[in-house]
Amino acid sequence: MSTLKVGGIRGVSASSDAITVGNDGTCTANITNNLSNRNIIINGAMQVAQRGTSSTSSGYYTVDRFKYTYSGTDNAPTQSQSDVAAGTTPYTLGFRKAYKITNANQSSGAGASDRIRLEVNLEAQDIANSGWNYLSSSSFITLSFWVKSSVAQNFYASIRTPDGTAQNYSFETGTLSADTWTKVTKTIPGNSNLTFDNNNELGWNMEINMFTGTNSTSSGNVMNQWAAHDGSNEVPDNTSTWYTTNGATWEITGMQLEVGSVATDFEHRPFEDEEHRCFRYYQNFDNSIVYAGFSDGNTTSRLSLNFQYMKATRDVPSISYNNQTTGSAIAARYSTRMASIIMNTTNNRGGTGFITDIVIESEL
């Protein structure tokens, strides 16, 4: 039996190896076919928007799992779910929806505490159990996404890991041509200072900034390496052109985070699949009704309204609802799977009570 010893295998016209072989016998392959369940990001194709398709509020209000926050603005920007134009790339790659931020008139200019950003938050256990050897600088996780800005500009982003001693990793999109979709790929190494607890709390906080004022930036920021998190040095000093342009837009789609040093083709999942994953963090029983009957000879009766969620939530959720029962709720017992709302009523024997428009939220 003979043995062929090589360091890599490469196509005739390729500029890089398709397969690299390590001295320990392991290999790394640049695989472009779809492998299931490799994308750690939920709703990366921006298909699901349970709360609505447009809002000027700060927080989770449109595309599920993507959080938009701003502060110090003169006028509130708008977050929305947008359509990817036909004939463009990424439309030709199967993307139909994007997450869009539209700037308003920031008439007083770019202040030190001003900020508009997109946040992507992941549970610590999703990183801890991903297969990434995050303590090793020779082990990688790769982030990729498509982005478009109406203003030609370079944008900065940072990743914060809050477990243990918080760490920070900053990177840039590179200068985007105006109104042109660009694919951004960042291959991120592990580091011995990283900690990801095996729990359902925040473990990965990524912020992509349309603008961040100098209270959180530094000219001395060194990108593409891990360092102890410093709130005054999260990213380099920002260019303010986009922020000071009234009506400027910024869009993103096709976000994927996967273990390995290569960005593979996007893992397109069915809408139902993505929606079900989103239910872990948010469920909206809009226009639904939960009934309960009661029978009690007293003037004041107790009424128990019980309902089960569509999917177990990340943690014990907050719940809001409209009470359509005479009287008021006196207690609510929630778990990650169901809720029981106990009410006082002034009805007599044989009455019925109900609640409507139930919203269950357990976001990071």
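Residues numbered from 1 in each chain as written. Predicted model: local features only at pLDDT ≥ 70, side-chain atom pairs only at ≥ 80, totals over all residues. Heavy atoms only, no water.

Quick question: what am I supposed to make of the overall build of the protein chain here?
A count of helices and strands for the protein chain gives two helices and 21 strands. By sequence separation, contacts in the protein chain at least 24 residues apart represent 73% of the contacts at least 6 residues apart. (Helix = DSSP H or I, 4+ residues; strand = E, 2+ residues; numbered from the N terminus. Contact = heavy atoms within 4.5 Å.)

What should I look at first to understand the sheet that holds strand 4 (residues 54-55) in this one?
The strands that make up a sheet pair up through hydrogen bonds in the backbone, lying either parallel or antiparallel. Here six strands make up an open sheet; going across it, the order is 4-6-7-15-9-12 and the pairing antiparallel. Whereas interior strands pair on both sides, the edge strands pair on one side only; in this sheet they are strand 4 and strand 12 (182-189). When strand 7 (residues 97-102) meets strand 15 (residues 249-259), the two strands line up antiparallel, connected through four bridges. Pairing of Lys100 across the sheet is with Glu251, part of strand 15. (Pairing = 2+ DSSP bridges.)

Help me understand unusual backbone geometry, please; the structure alone is not making it clear to me.
A negative phi holds for most residues other than glycine; trans holds for most peptide bonds. The backbone of Met46 sits at a positive phi, close to 60 degrees, despite the residue not being glycine. Considering the arrangement of structural elements, one finds Met46 in the loop between strand 3 (27-29) and strand 4. When its relative accessible area of 0% is taken as the criterion, Met46 is described as buried. Phi at Arg65 takes a positive value of approximately 75 degrees, unusual for a residue other than glycine. (Buried < 20%, exposed > 50% of the residue type's maximum accessible area, 1.4 Å probe, protein only.)

Looking at this structure, I do not really get the sheet that holds strand 1 (residues 8-9). What am I missing?
Strand order in the open sheet formed by three strands is 1-2-3, and the pairing between neighbours is antiparallel. Only two strands of the sheet have a single partner each, and these edge strands are strand 1 and strand 3. As paired elements, strand 1 and strand 2 (residues 19-21) share two bridges and run antiparallel to each other. Looking at strand 2, one finds that Gly8 is bridged to Thr20.

Which parts of the structure should I look at to understand the pattern of salt bridges?
One side chain can pair with another of opposite charge once the charged atoms of both are near each other. Per the counting criterion, the structure on display carries 15 salt bridges. Of the charged contacts in the structure, one is a salt bridge between Glu234 and Arg115, with a shortest N-O distance of 3.0 Å. Here the residue Glu234 occupies a position in the loop between strand 14 (226-228) and strand 15, and Arg115 occupies one in strand 8 (residues 115-123), the gap between them amounting to 119 residues. Each of the two residues, Glu234 as well as Arg115, counts as buried. The salt bridge partner of Glu251 is Lys148, with a shortest N-O separation of 3.6 Å. Of this pair, Glu251 sits in strand 15 while Lys148 sits in strand 9 (residues 140-149), and the two are 103 residues apart along the sequence. Taking relative accessible area as the criterion, Glu251 reaches 8% and is therefore assigned buried. Each member of the salt-bridge network shares a partner with another, and the members are Arg51, Asp64, Arg65, Glu361 and Glu363. (Salt bridge = Lys/Arg side-chain N within 4 Å of Asp/Glu carboxyl O.)

What is the right way to look at the pairing of strand 8 in this model?
Looking down a regular strand, the side chains alternate between one sheet face and the other. With nine of nine residues buried, strand 8 lies mostly within the body of the structure. Here strand 5 (residues 67-71) runs beside strand 8; their pairing, made up of five bridges, is antiparallel. For Tyr68, the partnering residue across the bridge sits in strand 8 and is Leu118. Pairing between strand 8 and strand 13 (residues 202-212): nine bridges, direction antiparallel. Counterpart to Glu119 in the pairing with strand 13 is Glu207.

What should I look at first to understand a nonpolar patch on the surface in this one?
On the surface, a cluster of nonpolar side chains totalling about 360 Å² of accessible area is made up of Leu4, Val6, Ile9 and Val21. Val21 gets classed as partly exposed once you look at its relative accessible area, which sits at 30%. (Patch = residues over 30% accessible without salt bridge, like charges linked within 9 Å, V, L, I, M, F, W, Y side chains within 5 Å. Areas by Shrake-Rupley, 256 points an atom, 1.4 Å probe, with all protein chains shown as cover.)

Please explain the environment of Ser362 as it appears in this structure.
Examined against the element boundaries, Ser362 turns out to sit in the segment after strand 21 (352-361). Separated by 44 residues in sequence, Ser362 and Ser318 place their C-alpha atoms 6.6 Å apart. Excluding anything up to four places from it in sequence, Ser362 contacts Arg280, Tyr281, Thr313, Arg314, Asp315 and Pro317.

How should the packing of aromatic side chains be read in this particular structure?
Each aromatic ring pair is specified by the distance between its two centres and by the angle formed by the two planes. Per the stated rule, a full pass over the model turns up 11 aromatic pairs. Judged by centre distance (4.9 Å) and plane angle (80 degrees), the ring pair of Tyr134 and Phe196 falls under edge-to-face. Note that Tyr134 is positioned in the loop between helix 1 (124-128) and strand 9 and Phe196 in the loop between strand 12 and strand 13, a separation of 62 residues in sequence. Taken as a pair, Tyr134 and Phe196 share a single burial class, namely buried. (Phe/Tyr/Trp six-rings, centres within 6.5 Å; stacked < 30°, edge-to-face > 60°.)

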